[in-house]
Amino acid sequence: MGLGSAGKMLQTLQTVSERAEQLYAQLKDVRERLTQIENDVDATTKTVGELETELTEHRVILEALAEKEGIDVGELLADELITEAESPAEAVADADSTAEDIPVEEEGTAPDEGTTSSASTSE
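Reading the values: the criteria
- Residues numbered from 1 in each chain as written.
- Predicted model: local features only at pLDDT ≥ 70, side-chain atom pairs only at ≥ 80, totals over all residues.
- Heavy atoms only, no water.
- Patch = residues over 30% accessible without salt bridge, like charges linked within 9 Å, V, L, I, M, F, W, Y side chains within 5 Å.
- Areas by Shrake-Rupley, 256 points an atom, 1.4 Å probe, with all protein chains shown as cover.
- Salt bridge = Lys/Arg side-chain N within 4 Å of Asp/Glu carboxyl O.
- Helix = DSSP H or I, 4+ residues; strand = E, 2+ residues; numbered from the N terminus.
- Buried < 20%, exposed > 50% of the residue type's maximum accessible area, 1.4 Å probe, protein only.
- pLDDT = per-residue confidence, 0-100.
- Contact = heavy atoms within 4.5 Å.

Caption draft 1: Inspection of a nonpolar patch on the surface at higher detail. Taken together, the side chains of Leu34, Ile37 and Val41 make up a nonpolar region of the molecular surface, amounting to roughly 270 Å² of accessible area. With respect to the element layout, valine 41 can be found in helix α1 (residues 2–69). With a relative accessible area of 46%, valine 41 lands in the partly exposed category.

The following block contains the structure:
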(Lines give C-alpha, C1' and ligand atoms only; values in the text may rest on other atoms or scores of the structure.)
Protein backbone atom coordinates (compact mmCIF):
# COMPACT_ATOMS: atom_id res chain seq x y z
CA MET A 1 0.00 0.00 0.00
CA GLY A 2 2.85 2.40 0.74
CA LEU A 3 4.42 1.68 -2.63
CA GLY A 4 1.16 2.41 -4.49
CA SER A 5 0.73 5.72 -2.66
CA ALA A 6 4.30 6.68 -3.48
CA GLY A 7 3.66 5.84 -7.15
CA LYS A 8 0.54 8.00 -7.24
CA MET A 9 2.37 10.83 -5.51
CA LEU A 10 5.27 10.54 -7.98
CA GLN A 11 2.83 10.59 -10.92
CA THR A 12 1.08 13.67 -9.49
CA LEU A 13 4.42 15.44 -9.00
CA GLN A 14 5.42 14.58 -12.57
CA THR A 15 2.12 16.00 -13.90
CA VAL A 16 2.57 19.18 -11.85
CA SER A 17 6.15 19.50 -13.09
CA GLU A 18 5.10 19.11 -16.73
CA ARG A 19 2.35 21.70 -16.29
CA ALA A 20 4.82 24.10 -14.64
CA GLU A 21 7.18 23.72 -17.62
CA GLN A 22 4.32 24.46 -20.03
CA LEU A 23 3.33 27.55 -18.06
CA TYR A 24 6.94 28.73 -17.94
CA ALA A 25 7.24 28.35 -21.73
CA GLN A 26 4.00 30.29 -22.21
CA LEU A 27 5.16 33.01 -19.83
CA LYS A 28 8.46 33.29 -21.69
CA ASP A 29 6.58 33.61 -24.99
CA VAL A 30 4.28 36.31 -23.56
CA ARG A 31 7.28 38.18 -22.17
CA GLU A 32 9.01 38.10 -25.59
CA ARG A 33 5.85 39.29 -27.34
CA LEU A 34 5.40 42.09 -24.80
CA THR A 35 8.99 43.21 -25.35
CA GLN A 36 8.38 43.25 -29.12
CA ILE A 37 5.19 45.26 -28.65
CA GLU A 38 7.05 47.77 -26.46
CA ASN A 39 9.72 48.11 -29.15
CA ASP A 40 7.06 48.60 -31.83
CA VAL A 41 5.29 51.25 -29.73
CA ASP A 42 8.58 53.08 -29.18
CA ALA A 43 9.35 53.00 -32.91
CA THR A 44 5.83 54.16 -33.76
CA THR A 45 6.03 57.00 -31.24
CA LYS A 46 9.32 58.13 -32.75
CA THR A 47 7.87 57.96 -36.28
CA VAL A 48 4.76 59.92 -35.27
CA GLY A 49 6.93 62.58 -33.67
CA GLU A 50 9.01 62.88 -36.84
CA LEU A 51 5.86 63.10 -38.97
CA GLU A 52 4.38 65.79 -36.72
CA THR A 53 7.58 67.82 -37.02
CA GLU A 54 7.61 67.39 -40.78
CA LEU A 55 3.92 68.35 -41.00
CA THR A 56 4.59 71.50 -39.01
CA GLU A 57 7.46 72.39 -41.35
CA HIS A 58 5.25 71.81 -44.40
CA ARG A 59 2.47 73.93 -42.90
CA VAL A 60 4.91 76.81 -42.31
CA ILE A 61 6.18 76.58 -45.89
CA LEU A 62 2.65 76.42 -47.36
CA GLU A 63 1.45 79.36 -45.31
CA ALA A 64 4.49 81.39 -46.37
CA LEU A 65 3.85 80.55 -50.04
CA ALA A 66 0.16 81.36 -49.66
CA GLU A 67 0.99 84.69 -48.04
CA LYS A 68 3.45 85.47 -50.84
CA GLU A 69 0.72 84.76 -53.41
CA GLY A 70 -1.86 86.78 -51.49
CA ILE A 71 -3.98 83.79 -50.49
CA ASP A 72 -5.84 83.95 -47.16
CA VAL A 73 -5.36 80.47 -45.68
CA GLY A 74 -7.84 81.11 -42.86
CA GLU A 75 -10.56 82.04 -45.35
CA LEU A 76 -9.88 78.93 -47.45
CA LEU A 77 -10.12 76.69 -44.39
CA ALA A 78 -13.31 78.38 -43.22
CA ASP A 79 -14.89 77.95 -46.67
CA GLU A 80 -13.94 74.27 -46.69
CA LEU A 81 -15.43 73.73 -43.24
CA ILE A 82 -18.67 75.39 -44.33
CA THR A 83 -18.80 73.25 -47.48
CA GLU A 84 -18.23 70.06 -45.46
CA ALA A 85 -20.89 71.07 -42.92
CA GLU A 86 -23.46 71.68 -45.65
CA SER A 87 -22.78 68.56 -47.71
CA PRO A 88 -23.31 65.53 -45.41
CA ALA A 89 -27.00 65.25 -46.39
CA GLU A 90 -26.03 65.34 -50.06
CA ALA A 91 -23.30 62.73 -49.52
CA VAL A 92 -25.76 60.37 -47.79
CA ALA A 93 -28.31 60.82 -50.59
CA ASP A 94 -25.64 60.13 -53.22
CA ALA A 95 -24.50 57.00 -51.36
CA ASP A 96 -28.08 55.73 -51.10
CA SER A 97 -28.76 56.21 -54.80
CA THR A 98 -25.47 54.53 -55.71
CA ALA A 99 -26.25 51.56 -53.47
CA GLU A 100 -29.64 51.12 -55.16
CA ASP A 101 -28.01 50.89 -58.58
CA ILE A 102 -25.77 47.97 -57.59
CA PRO A 103 -27.43 44.52 -57.92
CA VAL A 104 -26.70 42.20 -55.01
CA GLU A 105 -26.49 38.48 -55.72
CA GLU A 106 -24.93 35.81 -53.58
CA GLU A 107 -22.89 33.13 -55.27
CA GLY A 108 -24.84 29.96 -55.92
CA THR A 109 -28.27 31.50 -55.31
CA ALA A 110 -30.89 32.82 -57.67
CA PRO A 111 -31.52 36.55 -57.41
CA ASP A 112 -34.57 37.51 -55.36
CA GLU A 113 -37.17 39.91 -56.74
CA GLY A 114 -36.20 42.57 -54.17
CA THR A 115 -32.46 42.29 -54.84
CA THR A 116 -32.26 45.03 -57.49
CA SER A 117 -34.09 48.31 -57.45
CA SER A 118 -36.95 48.77 -59.86
CA ALA A 119 -35.59 52.25 -60.61
CA SER A 120 -32.27 50.81 -61.79
CA THR A 121 -33.93 48.25 -64.09
CA SER A 122 -36.24 50.78 -65.72
CA GLU A 123 -33.49 53.30 -66.47
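Picking up where we left off.
Caption draft 2: The arrangement of the pattern of salt bridges in detail. With the rule as written, the count across this model stands at 1 salt bridge. Here arginine 33 ties to aspartate 29 by a salt bridge, and the two come within 3.5 Å at their closest N and O atoms. Taken together, the residues span about one helical turn, with arginine 33 and aspartate 29 both in helix α1 at a distance of 4 residues.

Caption draft 3: Main features of the confidence of the model for the protein. Looking at the protein as a whole, the pLDDT averages 81, with 70% of positions reaching at least 70. This model gives residues 110–123 a pLDDT under 50, and the stretch forms 8 contacts once residues within four places in sequence are excluded.

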